[in-house]
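# Coordinates in review
Letter by letter, the chains look like this.
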Amino acid sequence: MTDLFQALNSLKTGFHGILHERDEYFLKNMQSRNLAGDDIERYQFWEWPQGIGLFALAQLWKHTKDPQQLEFLTSFYDQRIAEGLPAKNINTMAPLLALSMIAQEIPKESYIATCREWAEWAMHELPRTEEGGFQHITSDTVNKGELWDDTLMMAVAPLANIGILLGEESYLAEAVRQVKIHAQYLQDEESGLWYHGYSFLEKSNFCKALWGRGNCWITISLPFLMNILPLETTDHAFFASLLTRQASALKQYQAENGMWHTLLDDEDSYLEASATCGFSYGLLRAQRLGLLDDAYRTVALKALDTVIHLVDRNGSVFQVSYGTPMGRTSKDFYKQIPLIPMPYGTALALLYLIEASQI
């Protein structure tokens, strides 16, 4: 356990630094994207990697009740809101999840107003696909007519928790509807795993990639949603079926060292740490909530020693695949993504080790 808590402390400290460092590479990359007229620097601290990390830090605060941790989170949000937030899209909605969690304990007017503003955008202005799915519009691409598996974590989970915060039943109903739409078009009927995306324009799942990190968003978001949503019996059974089918497949495809491949069904693709941490956290969390049987605790903890040894003293996590857009024509695309320490690797490892530390 000593190694676990040392790694956990490194991850916590490391992500605190990530949230406040100026990332020149990120800013240069954003200059070339479709952000005409927008303040690019605002995206540096308010995108999906920050959103996942803030969610992890909020979970840590809920577990420890450490006032310094809460002060760090509130100071971060106060500063971002005062500066002005970037344009709204699926990925920039991710930080709203932790904000809505904090607002449940500290209902500051600015927090409540920000949560309501972004939820209203998701309900009424976010572009939709056929059948009303959330189009996976991001900071740099429109992705017209496309559903991506990332969306459940980045936008649906925040919308649902804001619904709980504000007592808005319409937000909760929409979150359930989005899970159903995404499951209909993204879950592989044979394996129970999820494809990276679906195009209503092409009527296809692109190259039918069962991509690791994309799948881990499902493993994280389903237990979260099932724990907060007042699901009807039929909805709960449906959500449970989605989770158990995916979990069963994950158990089948897990490597001997506890990790998973970046293409889950392809042993020739590399083992990847961010997906491994996401799966391990989600399975462990689901088992703790009684949503999966006890066997999945063993599955989730199988990667623990491996992950701990991938964390350095600065909180960087190795064996993490770089940001991955849609592989549209070839699964080999995913095998060519380089392995580089990234903020979301730290964030997902932090989530996993927080949950594992409670065993």
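What counts and what doesn't
- Residues numbered from 1 in each chain as written.
- Predicted model: local features only at pLDDT ≥ 70, side-chain atom pairs only at ≥ 80, totals over all residues.
- Heavy atoms only, no water.
- Helix = DSSP H or I, 4+ residues; strand = E, 2+ residues; numbered from the N terminus.
- Contact = heavy atoms within 4.5 Å.
- Areas by Shrake-Rupley, 256 points an atom, 1.4 Å probe, with all protein chains shown as cover.
- Lys, Arg positive; Asp, Glu negative; His and termini not counted.
- Charge placed at Lys NZ, Arg CZ, Asp CG, Glu CD.
- Core = buried A, V, L, I, M, F, W, Y, C linked by side-chain atoms within 4.5 Å.
- Buried < 20%, exposed > 50% of the residue type's maximum accessible area, 1.4 Å probe, protein only.
- Phe/Tyr/Trp six-rings, centres within 6.5 Å; stacked < 30°, edge-to-face > 60°.
- Axes fitted to C-alpha atoms, helices over the stretch in contact; angles between N-to-C directions.
- Parallel < 35°, antiparallel > 145°, perpendicular 65-115°, else oblique.
- Left-handed = near helix turned anticlockwise from the far one by under 90°.
- Nonpolar A, V, L, I, M, F, W, Y, C, P; charged D, E, K, R; others polar.
- Salt bridge = Lys/Arg side-chain N within 4 Å of Asp/Glu carboxyl O.
- Disulfide = S-S within 2.5 Å.

Tallying secondary structure elements over the protein chain gives 15 helices and 4 strands in all. Referenced to the eigenvectors of the C-alpha coordinate spread, the extents of the protein chain come out at roughly 50 × 50 × 45 Å. Pairs at least 24 apart in sequence give 70% of the contacts found in the protein chain among residues at least 6 apart. A total accessible area of about 14,400 Å² is found for the protein chain, and carbon and sulfur atoms account for 48% of it. Positive and negative side-chain charges of the protein chain, numbering 28 and 44 respectively, have mean locations separated by a distance of 1 Å.

By size, the foremost hydrophobic cluster in this structure holds 121 residues, and its most contacted members are I52, F55, Y77, W217, L225, F239 and L353. Per-element tally for this core: the top contributor is helix α7 (residues 151-166), with 11 residues. Discounting chain neighbours no more than four positions away, the residues touching F55 are L97, A98, M101, M153, I220, F224, Y281 and L351. In this structure, A209, W211, L263 and Y334 belong to the second largest nonpolar core, which totals 8 residues.

What follows covers the packing of aromatic side chains. Tallied over the entire structure, the rule returns 13 aromatic pairs. With 4.7 Å between their ring centres and 25° between their planes, W48 and Y344 make a pair best called stacked. Highlighted residues: W48 in helix α3 (residues 48-64) and Y344 in helix α15 (residues 343-356), separated in sequence by 296 residues. Assigned by exposure class, W48 and Y344 land together as buried. Both rings, one in F76 and one in Y77, keep their centres 5.6 Å apart while their planes meet at 85°; by these two values the pair is edge-to-face. A connected cluster of aromatic rings, assembled from ring pairs, spans W46, F76, Y77 and W118.

Take the packing of helix α8 (residues 169-186) against helix α10 (residues 233-253) next. Orientation of α8 relative to α10, taken along the N-to-C sense of each, is 45°, at an axis distance of 11 Å. For the element pair α8 / α10, the angle class is oblique. Seen from above, α8 lies across α10 with left-handed handedness. Contacts between α8 and α10 involve V176, V179, K180 and A183 from the former and D235, F238, F239 and L242 from the latter. Across the contact of α8 with α10, the residue classes tally to 6 nonpolar, no polar and 2 charged.

On to the pattern of salt bridges, then. Using the criterion set out here, one finds 14 salt bridges in the structure. For E130, the salt bridge identified is with K203, shortest N-O distance 3.3 Å. One end of the pair, E130, is in the loop between α6 (109-124) and β1 (146-148); the other, K203, is in the loop between β2 (197-199) and α9 (212-228), and 73 residues separate them in sequence. Linked through salt bridges whose partners overlap, the residues forming this network are R128, E174 and R177.

Next up on the list: the packing of helix α4 (residues 67-83) against helix α5 (residues 96-105). For the pair α4 and α5, interaxial distance at closest approach is 11 Å and the crossing angle is 120°. Considering how the two elements wind past one another, α4 and α5 form a crossing that is left-handed. Mapping the contact onto sequence places L70, L73, T74, Y77 and I81 in α4 and A98, L99 and I102 in α5. Residues of the contact of α4 with α5, tallied by class, amount to 7 nonpolar, 1 polar and no charged.

With that out of the way, let us pick up the side chain of T114. Among the secondary structure elements, T114 is positioned in helix α6. The residues contacting T114, other than those within four sequence positions of it, are I81, L85, L96 and L99.

Once that is clear, we can look at the state of the cysteines. All told, the structure shown has 0 disulfides when counted by the stated rule. Among the cysteines around C207, which has no disulfide bond, C216 carries the closest sulfur, lying 18 Å off. Among the cysteines around C277, which has no disulfide bond, C216 carries the closest sulfur, lying 8.8 Å off. C277 sits in the buried class, given a relative accessible area of 0%.

All right, on to the environment of L8 then. Looking at the element boundaries, L8 is found in helix α1 (residues 2-20). With 307 residues separating them along the chain, L8 and G315 place their C-alpha atoms 8.3 Å apart. Setting aside its immediate chain neighbours within four residues, L8 contacts L350, L353, I354 and S357.

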